[in-house]
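# Analysis of the macromolecular model
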Amino acid sequence: MSLELSKKAKSVKQSSTLAITAKAKEMKSSGIDVVGFGAGEPDFDTPENIRNAGKKAIDDGFTRYTPASGTAELKKAVSAKFAEFNHLHYDPDQIVISNGGKHSLTNIFQAITNPGDEVIIPVPYWLTYPELVKMCDGVPVFLETKKENGFKIDIEDLKALVSPATKALILNTPCNPTGMIYSKAELQAIADLAVEKDFFIIADEMYEYLTYCGKEHVSIASLGEEIYKRTITCSGVSKAYAMTGWRIGYTGSSKEIAKIMSSIQSHETSNPNSIAQKAAVEALTGPQDAIEMMRQAFDERRQYMKKRIDGLPLVSALEPDGAFYCFIDCSGLYGKEYRGAKIESAADAAAILLEEFHVAVVPCADFGCPTYIRLSYATSMDMIEKGMDRIESFVSEL
Ligand code: PLP
């Protein structure tokens, strides 16, 4: 007998973004005027029509188990959204509704990975990917990208990394943390390679509605029959509809994969929350003007934040085309001192910003980029102005 706990579970890191957000909230509740640039969630309330749909679901007694992989009504709404927005045909039985995008991704890795299978993750990556891959017995393999290339996949580098053990590539567009968006031509090259070498694409399109400067979101699965077969498309209502707390994500995949994921989910969590499913139906089928209003507000904040970063010495950022993050190169701060403390990493800079200037930012070591910090502009313009003033004071004191 042994009381030793699971080695695999113990190796999973805590989400540092959630930890920073929690620390900022704690400081705020103790009366400190903290500006939070950490959270990856819209500051807007869930639109009223969606909230009302949730209330109505409760009043109507829609409070019991639903089919484990989601209601027929919501799958139909997701199927219509895939057709209209993504130009993708997924029948309702190819769709699985889950408890948020993270849960959808967990289902995907559980469905496709066998022990030792490699999953290629382009760097910088959303910090959850490697942990999920490991939890599902896969092996994360990191594909470095270059700033000069907009942190996008270089097809030759990808080719070099593909091995007989490659099971899948994670493709996140628009990307968290860089804000980059893949063009159709770039996606086509990746799709051609996936078809030639026969690996899956896990297309995380959670930020698909949040694109700027007229840049178009393209779903890789829409580029042809062969890549469609090899792609699992994943999205949800969290970011676009300001519904992070409702926990609804979804996938479109082959019927076979959808069936496996439904079975896993039926044992793991049963259905996603029935009330949230009704609210998600309203989100997808009701008036869409609120998402455009939020997108425009994010765009305005994006431009303002980028302009302020451009005015700072020692740091720089590429123009983000999508999502709601600025990804800032802090290597110019290395070796500088703040009141006797030497800065040797972006984490050092982030710690000083939080403790001394009361600005919460995300140091990106857990995103594979220890010289970068991520600022979220999913917060009010007043907060962004205040936070950028404080960052400016910090940098000019160095
Ligand atoms: N994918 C990416 C790239 C994300 O940034 C997030 C959330 O931060 C998700 C998926 C998961 O979203 P959800 O809140 O629906 O789990």
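Here we summarise the structure given alongside this text. (Residues numbered from 1 in each chain as written. Predicted model: local features only at pLDDT ≥ 70, side-chain atom pairs only at ≥ 80, totals over all residues. Heavy atoms only, no water.)

## Let's talk about the pairing of strand β7 (residues 231-236)
Put simply, the test is: To sort residues, take the accessible area from a 1.4 Å probe on protein chains only and compare it with the maximum for the residue type: under 20% means buried, over 50% means exposed, and anything in between is partly exposed. To qualify as a helix, a DSSP run of H or I must reach at least 4 residues; to qualify as a strand, a run of E must reach at least 2; elements of each kind are numbered from the N terminus. One bridge is not enough; two strands pair if DSSP finds at least two bridges between them.
Of all 6 residues that make up β7, 6 are buried, and the element is covered over most of its length. With 4 bridges joining them, strand β6 (residues 200-204) and β7 adopt parallel strand pairing. What sits directly across from Ile-201, in β7, is Thr-231. In this structure, β7 lies alongside strand β8 (residues 249-252), joined through 4 bridges in antiparallel fashion. Residue Thr-233 lies in a different strand from β8, and its bridge partner there is Gly-252.

## Some remarks on unusual backbone geometry
Excluding glycine, a negative phi dihedral is what most residues carry, and trans is how most peptide bonds are arranged. Across the junction of Val-123 and Pro-124, the peptide omega takes the value 0°, indicating a cis bond. Positionally, Pro-124 belongs in the loop between β3 (118-122) and α6 (128-135). Asn-176 connects to Pro-177 through a cis peptide bond whose omega is 25°. Positive phi, close to 60°, is recorded for Ala-323, a residue that is not glycine. Turning to its location among the elements, Ala-323 is positioned in the loop between β9 (316-317) and β10 (325-329).

## Some points on the layout of surface pockets
Which entries qualify depends on this criterion: Cavities and pockets were defined on a 1 Å grid built over protein atoms only: a cavity is a set of grid points that admits a 1.4 Å probe from which the probe cannot escape, a pocket is an open set flanked by protein on both sides within 12 Å along at least five of seven lines, and lining residues are those with an atom within 4 Å of any such point. Grid points are joined across faces, edges and corners, and a volume is the space filled by probe spheres set on the points. For this classification, Asp, Glu, Lys and Arg are treated as charged, while Ala, Val, Leu, Ile, Met, Phe, Trp, Tyr, Cys and Pro are nonpolar and the rest, including Gly, are polar.
Looking at the largest pocket, its volume works out to about 500 Å³. Along the walls of the largest pocket sit 27 residues, with Leu-18, Gly-40, Lys-102, Trp-126 and Lys-239 positioned nearest its centre. Ranked by residue count, the leading element in the lining of the largest pocket is helix α2 (residues 16-29), at 4 residues. Tallied by class, residues from the lining of the largest pocket come to 10 nonpolar, 10 polar and 7 charged.

## Section: the nonpolar core
Applied cut-off: Side-chain atoms within 4.5 Å link the members of a nonpolar core, which is a set of buried Ala, Val, Leu, Ile, Met, Phe, Trp, Tyr and Cys residues. Note on definitions: a residue-residue contact is assigned when non-hydrogen atoms from the two residues lie within 4.5 Å.
By size, the foremost hydrophobic cluster in this structure holds 65 residues, and its most contacted members are Phe-37, Tyr-241 and Phe-394. For this core, the secondary structure elements donating two or more residues are α4 (72-86), β2 (95-98), α11 (274-285), α12 (289-310), β10, α13 (346-357), β15 (372-376) and α14 (381-396). Excluding anything up to four places from it in sequence, Tyr-241 contacts Thr-46, Pro-47, Ile-50, Tyr-209, Ala-283, Leu-284, Gln-288, Ile-291 and Met-294. In this structure, Ala-24, Ile-112, Ile-232 and Cys-234 belong to the second largest nonpolar core, which totals 36 residues.

## Here we look at the site of the ligand
Which entries qualify depends on this criterion: Distances are taken per atom, and a residue is near a molecule or strand as soon as one of its heavy atoms is within 4 Å of it. In protein, a polar contact means a hydrogen-donor-capable atom and an acceptor-capable atom, both N or O and within 3.5 Å, with residues adjacent in sequence counting only if both atoms are side-chain atoms; elsewhere, any N or O pair within 3.5 Å suffices. Reported accessibility uses the Shrake-Rupley method at a 1.4 Å probe radius. Residues are deemed covered only where the shown protein chains occlude them. For this analysis, a molecule is said to be in a pocket or cavity if more than half of its atoms are within 2 Å of the grid points defining it.
Among the 13 residues in the neighbourhood of the ligand, the closest are listed as Gly-101, Asp-204, Ser-238, Lys-239 and Arg-247. The backbone of Gly-101 places a nitrogen or oxygen atom 2.7 Å from an oxygen atom of the ligand. At 2.8 Å from an oxygen atom of the ligand is found a side-chain nitrogen or oxygen belonging to Tyr-207. Taken by itself the ligand offers 400 Å² of open surface, and the protein chains cover 93% of this. Counting atoms within 2 Å of the grid points, the majority share of the ligand lands in the largest pocket. Here the shell around the ligand is composed, by residue class, of 4 nonpolar, 5 polar and 4 charged.

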